[in-house]
Amino acid sequence: MQTKDTVPTTPAVEPSVIDFTQFPDEHGRFGEYGGKYVAETLMGAIQELQDAYEHYRTDPDFIREFETDLKDYVGRPSAMYRAARMSDAYGAEIWFKREDLNHTGAHKINNAIGQALLAKRLGKTRIIAETGAGQHGVATATVAARLGLECVIYMGAEDVIRQQPNVYRMKLLGATVVPVESGTRTLKDALNEAMRDWVTNVDNTFYIIGTVAGPHPYPQMVRDFQSVIGREAKAQILEKTGRLPDAIVACVGGGSNAIGIFHDFLADESVALYGAEAGGDGVETGRHAAPLTAGRPGVLHGNRTYLMEDDNGQIMATHSISAGLDYPGVGPEHSWLKDIGRVTYDAITDAEAMSAFHDVMRYEGIIPALESSHAVAYARKLAAKYGEGKIILVNLSGRGDKDINTVAKMEGITL
Amino acid sequence: MSRLTPLFARLKTENRTALIPYITAGDPAPAYTLDLMHALVAGGADVIELGVPFSDPMADGPVIALAHERALAHGVGLKDVLDIVRAFRKTDQRTPVVLMGYQNPIEAMGVNAFARHAAESGVDGVLTVDLPPEEAEPTAAAYRAAHIDPIFLIAPTTSPERVRLIAKLASGFVYYVSLKGVTGAQNLDIEALDARLAMIRTDCSLPVGVGFGIRNAETARAVSRVADAVIIGSTLVQLIADHPIQERPSSTLLAEVRDFIVGIRHALDESIPTKA
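Residues numbered from 1 in each chain as written. Chains lettered and ligands numbered in written order. Predicted model: local features only at pLDDT ≥ 70, side-chain atom pairs only at ≥ 80, totals over all residues. Heavy atoms only, no water.

Helix and strand counts for chain A stand at 16 helices and 14 strands. Counting every position in chain A, which comprises 415 residues, the buried fraction comes to 64%. Of the contacts made within chain A by residues no fewer than 6 positions apart, 73% connect residues no fewer than 24 positions apart. Counting only carbon and sulfur atoms, one obtains 49% of the accessible surface of chain A, whose full area is about 14,300 Å². Computed over 41 positive and 55 negative side-chain charges, the inter-centroid distance for chain A is 3 Å. (Helix = DSSP H or I, 4+ residues; strand = E, 2+ residues; numbered from the N terminus. Buried < 20%, exposed > 50% of the residue type's maximum accessible area, 1.4 Å probe, protein only. Contact = heavy atoms within 4.5 Å. Areas by Shrake-Rupley, 256 points an atom, 1.4 Å probe, with all protein chains shown as cover. Lys, Arg positive; Asp, Glu negative; His and termini not counted. Charge placed at Lys NZ, Arg CZ, Asp CG, Glu CD.)

Next comes the structure, spelled out in structure tokens:
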């Protein structure tokens with residue numbers, strides 16, 4: 001196993017020299033990123049979770065139950081779809097991994113099921129989660145309902161107003177939605193509040209983090225539960241095209257759908273990997289949510305990673321049309337993959353994402369989530385560079401029914 | 001050596017418990033902090049714990065989280081906090097000052113640069129809430145080199161193995177969080193606390209301060225029977241928040257803060273005969 005000292009942190013490393021399955025290391029680090037930056041009051045719970053996950057990740061009964069749920073409840077494997085008209089329009093072969101077809105409409109359910117099964121085995125009776133757009137909150141409320149567990153969802157007060165349909169959906173599923181009034185009243189503050197709840201109720205409560213961030217073991221655990229996306233995608237694209245794709249594109253907020261589809265391809269040097277961050281009004285305006293593109297490393301929410309911060313080290317307010325990408329940090333594995341040069345990260349503006357949203361609707365008859373539209377917008381740029389015959393696989397991470405009010409509002413339409 | 005070790009040595013010979021009030025620097029406005037610090041000392045504080053405002057104070061409850069927000073509204077950052085300590089040292093070279101905050105502002109300044117500036121400003125210890133011992137090097141080494149004590153939390157859930165790990169890195173004192181939960185939470189069980197502190201002392205020879213859940217003279221007195229120091233945060237911060245916000249603190253507020261500390265001080269000193 002490689003140690004921190006031997007991991008190159010400068011770009012242009014040959015992926016073939018790194019065994020990606022050996023990360024994170026025993027300290028929960030990906031190179032210099034990750035770790036467990038939490039108050040001592042949480043270390044007991046983190047250790048309990050880490051021990052449990054170490055045990056169950058290789059436990060045949062646990063794996064069987066997880067896979068059965070993914071098949072029978074989520075509807076996996078999700079489809080691999082050739083976007084024919086979009087391919088003609090964009091000038092390269094565009095394929096979609098259809099995570100939007102999952103139960104609850106996004107990839108989030110994969111992880112929520114995995115963690116809820118773990119919660120059940122740990123004997124926890126209460127589930128908490130943070131949510132931004134509400135997709136992870138809905139997925140968590142869904143699995144909690146199915147397992148008969150109490151469920152409390154923390155959501156920034158701003159987001160509660162912006163995402164009313166998902167708030168109501170969570171309530172219908174029996175969850176309590178707590179609007180968070182502190183700080184910027186968005187996702188990062190919801191995460192702070194969920195942490196506070198966890199510290200206070202640690203004996204009976206399991207905290208289901210929705211992305212590949214937070215203290216170790218969350219980045220690893222969430223990645224493992226989401227990496228089913230990439231394993232399926234690899235088999236499907238090989239079957240349908242006879243070869244690996246030339247590029248894979250995914251949107252990156254916290255980065256769980258991106259890690260999910262990337263992970264099985266990290267060692268395949270011929271496959272270029274691209275992460276599309278939320279560029280908001282444009283990175284140059286400062287109104288964005290693109291820490292990998294325009295931030296610097298720091299410590300937040302239990303891990304070391306790229307952050308959007310000011311000169312005093314205060315976390316900055318973020319901006320994106322997509323509530324699910326509106327977060328000032330990013331999963332630590334992405335920070336590492338950026339530094340070693342294995343994945344290229346770039347920002348897509350609100351306007352570019354909106355344009356791609358319409359393209360997917362009109363060329364393919366699919367309503368993509370605004371988050372996923374960022375990946376499509378990047379694929380469009382890439383296709384112009386790559387040209388005909390090249391295969392670009394896009395992770396269509398969620399469906400966009402939740403976003404039609406936002407889209408209408410952007411275009412001055414009242415529904 | 002910082003001012004903390006000699007202070008605890010002296011208090012031990014006097015069989016007294018240290019009183020450590022906490023305020024957030026810059027709350028509710030920058031001009032308050034220096035006057036409040038002097039009022040705390042006048043009331044009988046042995047050490048001052050000064051919160052460094054952070055945008056995401058995850059381990060703090062609503063009372064202190066709001067104090068961070070009020071300070072941030074004035075743009076108070078780590079540099080300003082060090083300036084406040086420097087100003088305090090002009091008239092008080094005796095009272096130890098411990099900064100309590102989160103790691104990101106420290107890293108934004110640079111750990112070594114911070115350690116140097118903090119030492120020059122007269123800081124004695126630094127407690128970083130989200131820096132458990134596993135992540136504390138090389139930060140703790142930078143503090144030791146600058147003669148600043150790295151202060152660590154110990155929780156009810158901290159295993160003996162981890163207490164020993166903390167004892168290796170810490171100096172000055174350790175800070176026992178008397179409850180599971182965020183700052184300002186309810187309830188306190190003195191018997192359980194006593195048993196727990198006895199266990200900690202078998203693995204850690206440093207003085208043990210107890211915080212989180214101490215709100216008045218009565219709870220402070222009870223805790224002082226078993227602890228080397230009591231830390232009072234949320235109650236004091238709330239007392240400050242209950243006054244109208246002005247550019248500078250009113251003489252009424254300063255008198256109230258001093259009297260509150262005097263009350264706790266008396267309670268602690270009364271408990272001397274029964275101290276274990």
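Picking up where we left off.
Let us look at the overall build of chain B. Assigned secondary structure in chain B consists of 12 helices and 8 strands. Taken against the 2.2 N^0.38 rule, which gives 19 Å for 276 residues, the C-alpha radius of gyration of chain B at 17 Å falls within 12% of a compact globule. If you line up chain B on its principal axes, its C-alpha atoms span 45 × 40 × 35 Å. A total of 276 residues make up chain B; the buried ones form 61% of that total. Long-range contacts, defined here as pairs at least 24 residues apart, represent 74% of the contacts in chain B between residues at least 6 apart. For chain B, the accessible area works out to roughly 10,200 Å², and carbon and sulfur atoms hold 55% of it. (Rg over C-alpha atoms; globule rule 2.2 N^0.38 Å.)

For any two helices packed against each other, one specifies the inter-axial angle together with the distance between the axes. Residues and elements named next belong to chain B. For the pair helix α2 (residues 32-43) and helix α12 (residues 251-270), the least separation of the axes is 8 Å and the interaxial angle reads 35°. For α2 against α12, the interelement crossing comes out right-handed. Contacts between α2 and α12 pair Y32, D35, L36, A39, L40, A42 and G43 from the former with L253, L254, V257, R258, I261, V262 and R265 from the latter. Its residues placed into classes, the contact of α2 with α12 shows 10 nonpolar, 1 polar and 3 charged. (Axes fitted to C-alpha atoms, helices over the stretch in contact; angles between N-to-C directions. Left-handed = near helix turned anticlockwise from the far one by under 90°. Nonpolar A, V, L, I, M, F, W, Y, C, P; charged D, E, K, R; others polar.)

Residue and element names in this part refer to chain B. Pairing is parallel around the closed barrel formed by 8 strands, whose spatial order is β1-β2-β3-β4-β5-β6-β7-β8. Between one strand axis and the next, the sheet turns through 25° on average, direction left out of account. The sheet contact formed by strand β1 (residues 18-24) and strand β2 (residues 48-51) spans 3 bridges and is parallel. Across the sheet, Y22 pairs through a bridge with E49, a residue of β2. Lying over the sheet, helix α11 (residues 234-241) contacts β1 and β8 (229-232), oriented at roughly 45° with respect to β1. (Pairing = 2+ DSSP bridges.)

It is worth spelling out the sheet that holds strand β9 (residues 247-251) of chain A at this point. Two pairing modes exist for strands in a sheet, parallel and antiparallel, and in both the strands are linked by backbone hydrogen bonds. Residue and element names in this part refer to chain A. Taking strand neighbours across the sheet as the criterion, the 6 strands line up as β3-β4-β14-β9-β10-β13 in an open arrangement whose pairing is mixed. Each edge of the open sheet is held by one strand with a lone partner, namely β3 (80-82) and β13 (343-349). Sheet twist, expressed as the average angle between the axes of neighbouring strands with direction ignored, equals 25°. Examined bridge by bridge, β9 and strand β10 (residues 272-280) share 5 bridges and lie parallel to one another. Each bridged residue has a counterpart across the sheet, and for I248 the counterpart in β10 is L273.

Moving on: a nonpolar patch on the surface. Together, I404, I413 and L415 of chain A make up a nonpolar patch on the protein surface, roughly 310 Å² of accessible area in all. Looking at the secondary structure, you find I404 of chain A in helix α16 (residues 404-410). (Patch = residues over 30% accessible without salt bridge, like charges linked within 9 Å, V, L, I, M, F, W, Y side chains within 5 Å. Salt bridge = Lys/Arg side-chain N within 4 Å of Asp/Glu carboxyl O.)

Once that is clear, we can look at the interface of chain A and chain B. Listed as interface residues are 34 residues of chain A and, on the opposing side, 39 residues of chain B. Buried area between chain A and chain B, summed over both chains or domains, comes out near 2,800 Å², and the portion from carbon and sulfur atoms is 48%. Among the residues of chain A in contact with chain B, E40, R196 and Q314 of chain A are the three that bury the most area, contributing 25% of the side total. Applying the counting criterion to the chain A and chain B interface returns 4 salt bridges. Across the pair R304 of chain A and E107 of chain B runs a salt bridge, and its minimum N-O distance is 2.4 Å. (Buried area = accessible area lost by both parts, 1.4 Å probe.)

The subject of this paragraph is the pattern of salt bridges. Per the stated rule, a full pass over the model turns up 51 salt bridges over all chains. Notably, a salt bridge pairs R296 of chain A with E309 of chain A, separated by 2.8 Å at the nearest N-O pair. Pair noted here: R296 of chain A is in strand β11 (residues 296-300) and E309 of chain A is in the loop between β12 (302-307) and α13 (332-339), with a separation of 13 residues, a long-range link. One network of salt bridges, in which partners are shared, links R10, E14, R16, D46, R265 and D269 of chain B.

Residues and elements named next belong to chain A. With the rule as written, the count across this model stands at 16 aromatic pairs over all chains. Geometrically, the ring pair formed by Y53 and F225 is edge-to-face, given 5.9 Å between the ring centres and 75° between the ring planes. With Y53 in helix α1 (residues 40-56) and F225 in helix α9 (residues 218-226), this pair connects stretches of sequence that are 172 residues apart. Pairing Y56 with F62 gives two aromatic rings, centres 5.8 Å apart and planes at 40°, and the pair type is tilted. (Phe/Tyr/Trp six-rings, centres within 6.5 Å; stacked < 30°, edge-to-face > 60°.)

The next subject is helix α5 (residues 135-147) of chain A. All names here are of chain A. Its 13 residues give α5 an end-to-end C-alpha distance of 19 Å, which sits within 8% of 18 Å, the value for a rise of 1.5 Å per residue. All of the buried residues along α5 are Q135, H136, G137, V138, A139, T140, A141, T142, V143 and A144. Summarising the contacts, the buried residues of α5 are in contact with α2 (60-74), α4 (108-121), β5 (126-131), β6 (150-156) and α7 (164-172). One or two steps after α5, the chain reaches G148, where phi turns positive at roughly 70°. (Expected span 1.5 Å × (residues − 1).)

Residue and element names in this part refer to chain A. When you line up the elements, R126 lands in strand β5. A relative accessible area of 10% means that R126 is categorised as buried. Engagement of the side chain of R126 in a polar contact is seen with the side chain of T205, the distance being 2.9 Å. Contact partners of R126, with chain neighbours within four places excluded, come to E150, V152, D197, N201, N204, T205 and F206. (Polar contact = N/O pair within 3.5 Å; in protein donor to acceptor, adjacent residues only side chain to side chain.)

The subject of this paragraph is helix α6 (residues 111-121) of chain B. Residues three or four positions apart in an α-helix share a direction because the helix packs 3.6 residues into each turn. Residue and element names in this part refer to chain B. Regarding α6, the residues found buried are V111, A113, F114, A115, A118 and S121. Those residues of α6 hidden inside the fold are in contact with α4 (78-91), β3 (97-101), α5 (103-109), β4 (125-128) and α7 (139-145). Positive backbone phi, at 100°, marks G122, one or two positions downstream of α6.

This next bit is on the nonpolar core. In this structure, W198, Y207, F262, W336 and L337 of chain A together with F173 and Y175 of chain B are the most contacted members of the largest nonpolar core, which totals 121 residues. No other element matches α1 of chain A, which puts 8 residues into this core. Every residue in contact with Y175 of chain B, bar those within four places of it in the chain, is listed here: E49, M100, L127, I151, F152, L153, I154, G209, V210, G211, F212 and I231 of chain B. Listed in part, the 72 residues of the second largest apolar core include L78, F152, L236 and I240 of chain B. (Core = buried A, V, L, I, M, F, W, Y, C linked by side-chain atoms within 4.5 Å.)

Consecutive residues of a regular strand have side chains that alternate between opposite faces of the sheet. All names here are of chain A. Strand β2 (residues 33-37) sits mainly inside the fold: 5 of its 5 residues count as buried. Direction of pairing for strand β1 (residues 29-30) relative to β2: antiparallel, over a ladder of 2 bridges. Residue F30 lies in a different strand from β2, and its bridge partner there is Y33. Here β1 folds back onto β2 in antiparallel fashion, the turn holding 2 residues, of which G31 has a positive phi close to 60°. When β2 meets β12, the two strands line up antiparallel, connected through 2 bridges. When the sheet's bridge partners are listed, G34 is paired in β12 with R304.

Residues and elements named next belong to chain A. Along the chain, I63 falls in helix α2. Classification of I63 as partly exposed rests on a relative accessible area of 29%. Placed 250 residues apart in sequence, I63 and G313 show a C-alpha to C-alpha distance of 41 Å. Not counting the four nearest positions on each side in its chain, I63 is found in contact with Y56, R57 and T58.

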